[in-house]
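# Breakdown of the fold
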Amino acid sequence: MIAAAALLVLLGLGLFVGGILTGLTTLYWACVAVCVVAAVLLVLARRQVDAPPRATAATAPAATHPLASATPVTAGGAAVQRAEAADAPATPPGATTPAAPVAPGPPQDLPDPPVEEVEVTDLLLVVDLTDEVLVIDEHPRYHLAGCVHLAGRTTIPLPLDEARADGFTPCAVCAPDRNLAERARARKAAGST
């Protein structure tokens, strides 16, 4: 979709130049129409990237009750498990069932955080920075040390410019671009005094 939007922007540029050379207002309007279509494609591509994956019956968590049915019930796009009343033993009113023991193990895999919304002024500062950020293999975001999404995971340190060049995007939770831009401003202020 992004490639199609880029081609439409180039077509719009050609129409604009053609409008300047010929003086035809229809070429200007065609340029506007093409650019609007390109903008719609870019918005759709952004939503597709930011959209959380939809849960399916195959990826739904297993039921916590040992007698719960494995029959998935779909509610609002998310698959959930329900216990079959006929299979479960009757529990007297007021009685509680003991909680299932939690086995120690690796932390639960958190979903990827959303992409940080970066101010243009911050983006201009961080685009060439080589400050270290942390990435997790097979995950699209880069983080600062201490981010909750790094807990219990193996991280790979990368220079920020390399992480961006490799296609990683900033985490909205730890906001690396905003924080690194503030650090760069502080370094410039300290260097100019």
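Residues numbered from 1 in each chain as written. Predicted model: local features only at pLDDT ≥ 70, side-chain atom pairs only at ≥ 80, totals over all residues. Heavy atoms only, no water.

### Some thoughts on the overall build of the protein
- Assigned secondary structure in the protein consists of five helices and six strands.
- Order of helices (α) and strands (β) in the protein, N terminus to C terminus: α-α-β-β-α-β-β-β-α-β-α.
- Evaluated residue by residue, the protein yields a buried proportion of 24% over its 193 residues.
- With the model as given, the accessible surface of the protein reaches about 13200 Å², and the carbon-plus-sulfur share is 65%. (Helix = DSSP H or I, 4+ residues; strand = E, 2+ residues; numbered from the N terminus. Buried < 20%, exposed > 50% of the residue type's maximum accessible area, 1.4 Å probe, protein only. Areas by Shrake-Rupley, 256 points an atom, 1.4 Å probe, with all protein chains shown as cover.)

### Observations regarding helix α2 (residues 25–50)
- Along its 26 residues, α2 runs 38 Å from first to last C-alpha, staying within 8% of the 38 Å computed at 1.5 Å per residue.
- Where α2 is concerned, the buried positions are C31, V34, A38, L41 and A45. (Expected span 1.5 Å × (residues − 1).)

### Looking at the UniProt feature "transmembrane region" (unreviewed entry) in the protein
- Per the UniProt entry, the sites bearing "transmembrane region" (unreviewed entry) are residues 27–45 in this numbering.
- A distance of 27 Å separates the end C-alpha atoms of residues 27–45, which is 100% helix and 0% strand. (UniProt positions renumbered as here; feature names shortened; annotations may be inferred.)

### So, the nonpolar core
- Counting 20 residues, the largest nonpolar core has Y142, L160 and L180 as its most contacted members.
- Of all the elements in the fold, those that place two or more residues in this core are α3 (120–126), β3 (132–135), α4 (160–165) and α5 (176–192).
- Not counting residues within four places of it along the chain, the set of residues in contact with L160 comprises V126, L129, T130, D131, V133, Y142, D177 and L180. (Core = buried A, V, L, I, M, F, W, Y, C linked by side-chain atoms within 4.5 Å. Contact = heavy atoms within 4.5 Å.)

### A short note on the side chain of R141
- Summarising the element assignment, R141 is placed in strand β4 (residues 141–143).
- Among the polar contacts made by the side chain of R141, one reaches the main-chain carbonyl oxygen of P113 at a distance of 2.7 Å.
- Ignoring any residue separated from it by four or fewer positions in sequence, one finds R141 in contact with P113, P114, V115, L134, V135, F168, T169, P170 and C171. (Polar contact = N/O pair within 3.5 Å; in protein donor to acceptor, adjacent residues only side chain to side chain.)

### A closer look at a nonpolar patch on the surface
- A contiguous nonpolar surface patch, about 800 Å² in accessible area, is contributed by L7, L10, L13, F16, V17, I20, L21 and Y28.
- Per-element accounting of the nonpolar patch gives the leading share, seven residues, to helix α1 (residues 2–22). (Patch = residues over 30% accessible without salt bridge, like charges linked within 9 Å, V, L, I, M, F, W, Y side chains within 5 Å. Salt bridge = Lys/Arg side-chain N within 4 Å of Asp/Glu carboxyl O.)

### Let's talk about the state of the cysteines
- Under the criterion given, the structure shown has zero disulfides.
- Unpaired in this structure, C171 has its nearest cysteine sulfur neighbour in C147, at a distance of 3.9 Å.
- The structure places no disulfide on C174, whose sulfur is separated from the nearest cysteine sulfur, that of C147, by 3.7 Å.
- C174 gets classed as buried once you look at its relative accessible area, which sits at 13%. (Disulfide = S-S within 2.5 Å.)

### Topic: the sheet that holds strand β6 (residues 169–170)
- An order of β5-β3-β4-β6 is seen for the four strands of this open sheet, with the pairing classed as mixed. In this open sheet, the two strands that pair with only one neighbour each are β5 (156–159) and β6.
- By the bridge criterion, two bridges tie β4 to β6 in an arrangement that is parallel. Of the residues in β6, the one forming a bridge with R141 is T169. (Pairing = 2+ DSSP bridges.)

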